There are 2 protein chains.
Amino acid sequence: MNVADAIKMKRAVRKFLDKPLTDDVVTTILNAGRRSQSSKNNQAWQFIAIRDKQILKDLSGCGEWAGHIAGAALCVAILTPDPSEKFQIMFDAGQAAAFMQLAAWELGVGSVPASLYEFEKTRAILGFPAEWHLRIALSFGYAADEEKLSAMPKKGGRVTLDEVVHWEKW
Amino acid sequence: MNVADAIKMKRAVRKFLDKPLTDDVVTTILNAGRRSQSSKNNQAWQFIAIRDKQILKDLSGCGEWAGHIAGAALCVAILTPDPSEKFQIMFDAGQAAAFMQLAAWELGVGSVPASLYEFEKTRAILGFPAEWHLRIALSFGYAADEEKLSAMPKKGGRVTLDEVVHWEKW
């Protein structure tokens, strides 16, 4: 799948088949995040790859819209330094998240990010140290609705180019 | 170019040929950003696409490591709501930035992000309103060093998978 098609066709997948991802697929996704660029190449992230159903279920209760994690075949928790330290931290996490999700899409694997607001609860569940912080985790899995993979972009799903682009100045 | 290769081969390009990008290429890059996913699909971004050499030069002075903007064929300033409002804002900007840069790479166009620290100066140069904020801009152009496009990943350029991934828990 070329990059342009992946970007054009990718859509959020929140409902997943109860079908595991092979280790190869999981490794490809994680490597895409690992290879992502970052500010000064500092790679200020750690990933926790979760397939254990109980942990998935526990994490799914840590954000209002995070329920999809319970049904994911894989969840990747993106740990970062304190996001309030500098604006690059979540920007770089976003770049890594985009790389992982596009790499997954190419393999026919859907995904969606979840915001996690229960900071201390996620820390207790995953046991990561104080210097790391978790704000966003990605759910991955095969789409329950297989048509999602080949569906054309929804009308009105994004604003038009004219609505989002300015030329030379505002 | 498939997604996996784009992710594997992409590297930062900071020195560009003095060769313009066609309107088609510029539109493809901007559309990739426009199509990117965002928290609750709120698309909380505006892009300023800059090719004017004086504006590029002016912007290049707004960050310690932003000098490459002066030589870019295109700069895309990613405007967001106040990044301190919520952690999703820069995360989503990062996703859009990754989409634009991978789309460009597929077309043989290099890129690199720049952090811009002179907030009021960028606002004066580009004339955007108070509710929008600029922290990161992307430089795009054909690489002065064409070998960058086909070079294998540098040894030691990224930490190993074992250094960045935890399984199930920390």
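For the structure itself, look to the data block above.
Residues numbered from 1 in each chain as written. Chains lettered and ligands numbered in written order. Predicted model: local features only at pLDDT ≥ 70, side-chain atom pairs only at ≥ 80, totals over all residues. Heavy atoms only, no water.

**Student:** Tell me about helix α2 (residues 23–34) of chain A, and name the residues and values.
**Tutor:** For α2(A), which comprises 12 residues, the first-to-last C-alpha distance of 16 Å matches the rise-based estimate of 16 Å (1.5 Å per residue) to within 8%. Looking only at α2(A), the buried set comprises A:Val25, A:Val26, A:Ile29, A:Leu30, A:Asn31, A:Ala32, A:Gly33 and A:Arg34. (Helix = DSSP H or I, 4+ residues; strand = E, 2+ residues; numbered from the N terminus. Expected span 1.5 Å × (residues − 1). Buried < 20%, exposed > 50% of the residue type's maximum accessible area, 1.4 Å probe, protein only.)

**Student:** Before we move on, could you go through the pairing of strand β2 (residues 74–80) of chain B and cite the residues and values that matter?
**Tutor:** All names here are of chain B. Most of β2 sits out of view: seven of its seven residues are buried. The alternating pattern of β2 places Leu74, Val76, Ile78 and Thr80 on one face and Cys75, Ala77 and Leu79 on the opposite face, and all of these are buried. Strand direction decides the pairing type here: strand β1 (residues 46–50) and β2, joined by five bridges, are antiparallel. By the bridge assignment, Ala49 is partnered in β2 with Val76. (Pairing = 2+ DSSP bridges.)

**Student:** So what about the relation of the copies chain A and chain B? Which residues, and what values?
**Tutor:** Think of it as a corkscrew move, a rotation about one axis and a shift along it, taking one chain copy to the other. When chain A is fitted to chain B, the residual RMSD is 0.0 Å, and the transformation amounts to a turn of 180° plus an axial shift of 0.0 Å. Overall, the copies show the geometry of a two-fold rotation axis. Most of the interface of chain A is mirrored in chain B: 100% of its interface residues are interface residues there too. (Least-squares fit on C-alpha atoms with pLDDT ≥ 70 in both. Contact = heavy atoms within 4.5 Å.)

**Student:** Go over the pairing of strand β3 (residues 110–115) of chain A with me, naming the residues and quoting the values.
**Tutor:** For a regular strand, side chains alternate in direction, first toward one face of the sheet and then toward the other. Residues and elements named next belong to chain A. Counting buried positions over the six residues of β3 gives five, a clear majority of the element. Pairing of β3 with strand β4 (residues 133–141), which is carried by six bridges, proceeds in the antiparallel orientation. Residue Val112 lies in a different strand from β4, and its bridge partner there is Ser139.

**Student:** Break down the interface of chain A and chain B for me, citing the residues and quoting the values.
**Tutor:** Each partner contributes residues to the interface: chain A has 70 residues there, and chain B has 70 residues. The largest share of the area that chain A buries against chain B comes from A:Phe87, A:Arg158 and A:Trp170, three residues that together contribute 13% of it. Linking chain A with chain B are 50 residue pairs in polar contact (both at pLDDT 80 or more), by the criterion used here. Taken together, the residues of the side of chain A that touches chain B break down into 40 nonpolar, 17 polar and 13 charged. Relative to strand β5 (residues 165–167) of chain B, strand β1 (residues 46–50) of chain A runs parallel, the two sharing three bridges. Following the sheet pairing, A:Ile48 is matched in β5(B) by B:His166. (Buried area = accessible area lost by both parts, 1.4 Å probe. Polar contact = N/O pair within 3.5 Å; in protein donor to acceptor, adjacent residues only side chain to side chain. Nonpolar A, V, L, I, M, F, W, Y, C, P; charged D, E, K, R; others polar.)

**Student:** Describe the packing of helix α3 (residues 53–60) of chain A against helix α5 (residues 119–126) of chain A, naming the residues involved and giving the relevant values.
**Tutor:** Residues and elements named next belong to chain A. Across the interface, α3 lies against α5 with an axial gap of 10 Å and an inter-helix angle of 170°. Put simply, α3 runs roughly antiparallel to α5. Where α3 abuts α5, its residues Ile55, Asp58 and Leu59 lie against Thr122, Ile125 and Leu126. The residue makeup of the contact of α3 with α5, split by class, is four nonpolar, one polar and one charged. (Axes fitted to C-alpha atoms, helices over the stretch in contact; angles between N-to-C directions. Parallel < 35°, antiparallel > 145°, perpendicular 65-115°, else oblique.)

**Student:** An account of helix α3 (residues 53–60) of chain B is requested, with residue identities and associated values reported.
**Tutor:** All names here are of chain B. Where α3 is concerned, the buried positions are Ile55, Leu56, Leu59 and Ser60. For α3, the angular spread of buried residues about the axis comes to 135°, placing them on one side. For α3, the exposed residues set more than 90 degrees away from the buried face come down to Lys53 and Lys57. Taken together, the buried residues of α3 touch β1, β2 and α5 (119–126). Structurally, the start of α3 carries an N-cap: the backbone nitrogen of Gln54 is 3.0 Å from a side-chain oxygen of Asp52. (Arc of directions from axis to C-beta.)

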